[in-house]
Amino acid sequence: MSVKFHLVTLFPEFFESPMEVSLVGKAIDEGTIEIEFHNPRSHGAGVHRQVDDAPFGGGAGMVMAPGPLAETLDPLATTYRVLLTPSG
């Protein structure tokens with residue numbers, strides 16, 4: 001039996017290499033787990049696939065726009081989710 005993990009990230013290439021080594025890599029090779037990457041940028045707006053927006057109420061910095069993230073998560077509605085905050 002294989003367990004499938006869905007990893008939602010703006011930087012899937014950052015995670016591809018670490019997933020190929022150590023115990024995770026062995027589990028993938030043996031077919032124990034599968035990992036599928038989902039990039040919210042594929043649902044981003046405009047030519048640059050923008051996924052961030054200015055914070056509500058102003059202030060410095062940028063925040064993730066809810067639209068691209070929601071569109072990325074919609075097909076995964078029946079999965080368990082672990083959402084991390086900026087502080088981890």
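Please refer to the structure placed before this passage.
Residues numbered from 1 in each chain as written. Predicted model: local features only at pLDDT ≥ 70, side-chain atom pairs only at ≥ 80, totals over all residues. Heavy atoms only, no water.

Asker: What exactly am I supposed to notice about the environment of Glu71 here?
Answerer: Here Glu71 lies in helix 3 (residues 66-73). On the accessibility criterion, Glu71 (41% relative accessible area) is partly exposed. (Helix = DSSP H or I, 4+ residues; strand = E, 2+ residues; numbered from the N terminus. Buried < 20%, exposed > 50% of the residue type's maximum accessible area, 1.4 Å probe, protein only.)

Asker: How do you make sense of helix 3 when you look at a structure like this?
Answerer: Where helix 3 is concerned, the buried positions are Pro68, Thr72 and Leu73. Along the axis of helix 3, the buried positions cluster into a sector of 130°, meaning they face one direction only. The inward-facing, buried residues of helix 3 contact strand 1 (3-8) and strand 2 (33-38). (Arc of directions from axis to C-beta. Contact = heavy atoms within 4.5 Å.)

Asker: Can you help me understand the environment of Gly61 in this one?
Answerer: Secondary-structure assignment places Gly61 in the loop between strand 3 (52-53) and strand 4 (63-64). Once residues lying within four places of it in the same chain are set aside, the contact partners of Gly61 are Ala54 and Pro55.

Asker: Is there a simple way to think about the side chain of His38 in this case?
Answerer: Within the secondary structure, His38 is located in strand 2. Looking at His38, the relative accessible area reads 16%, which means it is buried. Of the polar contacts made by the side chain of His38, one reaches the side chain of His6; its length is 2.8 Å. His38 has contacts with His6, Leu7, Val8, Thr9, Thr72 and Leu76, leaving out every residue within four places of it along the chain. (Polar contact = N/O pair within 3.5 Å; in protein donor to acceptor, adjacent residues only side chain to side chain.)

Asker: Looking at this structure, how should I read the pattern of salt bridges?
Answerer: Any two side chains of opposite charge can pair, on the condition that their charged atoms come close. Across all of its chains, the model carries one salt bridge by this definition. Here Lys4 makes a salt bridge to Glu36, at a shortest N to O gap of 2.8 Å. Here Lys4 is found in strand 1, whereas its partner Glu36 is found in strand 2, with 32 residues between them in sequence. On the basis of relative accessibility, which here comes to 42%, the residue Lys4 falls in the partly exposed class. On the basis of relative accessibility, which here comes to 30%, the residue Glu36 falls in the partly exposed class. (Salt bridge = Lys/Arg side-chain N within 4 Å of Asp/Glu carboxyl O.)

Asker: Please explain the side chain of Thr72 as it appears in this structure.
Answerer: Topologically, Thr72 is positioned in helix 3. Residue classification places Thr72 among the buried positions, given a relative accessible area of 5%. When near neighbours in sequence (up to four residues on either side) are disregarded, Thr72 contacts Val8, His38, Asn39, Pro40 and His43.

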